[in-house]
Amino acid sequence: MAAKLPLRETVGMALHTLRTNRLRSLLTMLGIVIGNASVITLVGVGKGAQNLAEGQLNTLGANVLFVVPGNNDTRRQGIDSPKTLVLQDAEAIAEQVPSVRRVAPQITINAVVQAGSRSQSSSVSGITPDFLTVRRFEVAQGRFFNQRDMYSARNVVVVGPDLASKLQPVGSILGRNLRIRDQGFEVIGVLRPKGAVFGSNQDEIAYIPLTTMVSKLSGRDPTYGVSLSFISVEARDEASTGAAKFQITNLLRQRHRILRDDDFAVRSQKDALSIVGTITGGLTLMLAAIGAISLLVGGIGIMNIMLVSVSERTEEIGLRKAVGARSSDVLAQFLVESLVLASLGGLIGSALGLSAITAVARFSPLPAAIGADSVLITVGLSGSIGLIFGVLPARRAARLDPIAALRSL
């Protein structure tokens, strides 16, 4: 009985065959290269989308809660939120909820902001001085308004950096007079860049005192009083956010005399991160599945080329068997060829995918990234596909009858 061929010799013969047919080997690997590069790039882009969303949410602050009017059903149906959140609610939260440190009520309207001959459609928010601390904004130039500005309902405004650059491309905007709905406002400060959250650019907003907003722009609702767009609440620490959410909910249910469905909602950063994680995780999984289809197509390509290779190498297989090679030796050689093709294609595809991720992260705002474990899994998956789809050609080669093969010489 013939001795089993050493593994080193089997691998050497497989590599020699692949080097001899370089063009065919390259074309065989192409499907795996494209599939692997697609998986890594798409997963990296999906992860980048998740990182971007989480980074934007982290700018809100870990201890911040948002109280918004209406309920989930009204927001899902696209109905305007009812005016159920008023200034007295914010004052009650600040006074009666022990786990809360600061409260920042807010009224937001859309208006045209004019500076001389320049104008810009923007959001205008009426806020209190506590907003700066609760939402972690910082002043880059000038100052933020204070309690004196609030009590006097002064016409002062603090603008985001993007809005400032659009209204005053050259020089400082401090001291300029802006017009908002026929009211003049003096610019007393410019904020540091904050970025966007869910597509809303926080650097293009104009901020004025809440009292000025109520008395001169938005007005007072005759039924509800001072209706708020939402309330930002800072818990005492991150561990207190759960207690703060529970206490705020109970307080507002009592104040609004609610028996069944709430007419407000309390949302935390963790809630938003959970939603974002679910959405982006599903997106990443879908993108990975699309890339995996490309890998599957590449595996089918390897199988087809290897089947053709078996037909072309019938004489070689017959000669090997005639001089003592066993069926298992032939099987091992073809499996090694498939494994090498798939693994090498996986490595090349991984390099291309990582290059694409680097380019996306460098030339776009999307912080695309991928872990080393994901790359190793993808390369391992490529090799597994090569083995799986190489079994059929290898078995066909191993089962060739040497006498029938030699007759074709």
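Everything below is about the structure shown above.
Below: a short report on this structure. (Residues numbered from 1 in each chain as written. Predicted model: local features only at pLDDT ≥ 70, side-chain atom pairs only at ≥ 80, totals over all residues. Heavy atoms only, no water.)

## Brief notes about the overall build of the protein
If you tally the helices and strands in the protein, you get 14 helices and 12 strands. For the protein, the residues scored as buried account for 45% of the 409 residues in total. When contacts within the protein are restricted to residue pairs at least 6 apart in sequence, long-range pairs at least 24 apart make up 78% of them. Here the protein displays about 20,500 Å² of accessible surface, and carbon together with sulfur accounts for 58% of that area. (Helix = DSSP H or I, 4+ residues; strand = E, 2+ residues; numbered from the N terminus. Buried < 20%, exposed > 50% of the residue type's maximum accessible area, 1.4 Å probe, protein only. Contact = heavy atoms within 4.5 Å. Areas by Shrake-Rupley, 256 points an atom, 1.4 Å probe, with all protein chains shown as cover.)

## What to know about the side chain of T41
Tracing the backbone through its elements, the reader meets T41 in helix α2 (residues 22-58). Polar contacts involving the side chain of T41 include one to the main-chain carbonyl oxygen of A37, which spans 2.7 Å. In this structure, T41 is in contact with G353, A356 and I357, ignoring residues within four places of it in sequence. (Polar contact = N/O pair within 3.5 Å; in protein donor to acceptor, adjacent residues only side chain to side chain.)

## A look at the environment of G282
Here G282 shows up in helix α10 (residues 269-312). Spatially, the C-alpha atom of G282 lies 9.1 Å from that of G46, the residues being 236 residues apart in sequence.

## So, the nonpolar core
Within the largest apolar cluster, 46 residues are counted, with the highest numbers of intra-cluster contacts made by I93, V124, V159, L178, I231, V233 and I248. With seven residues, strand β2 (residues 100-115) is the largest single contributor of residues to this core. With residues up to four places along the chain from it excluded, the contact list for L178 reads V113, Q114, A115, V157, V159, L167, I173, Q183, G184, F185 and V187. (Core = buried A, V, L, I, M, F, W, Y, C linked by side-chain atoms within 4.5 Å.)

## With respect to the pairing of strand β6 (residues 177-180)
Only one face of β6 is buried: it carries L178 and I180, and the other face, with N177 and R179, is open. Here two bridges tie β2 to β6, and the two strands are oriented antiparallel to one another. Across the sheet, V113 pairs through a bridge with I180, a residue of β6. In the sheet, β6 pairs with strand β7 (residues 183-191) via four bridges, with the strands oriented antiparallel. Following the sheet pairing, I180 is matched in β7 by Q183. Following β6, the chain reverses through two residues before pairing antiparallel with β7; R181 in that reversal takes a positive phi of roughly 50 degrees. (Pairing = 2+ DSSP bridges.)

## Focus: helix α8 (residues 210-218)
What α8 keeps buried is the set L210, T212, M213, V214 and L217. Just beyond α8, the residue with positive phi is G219, at close to 85 degrees.

Without other data, these values stay purely geometric and don't point to any function.
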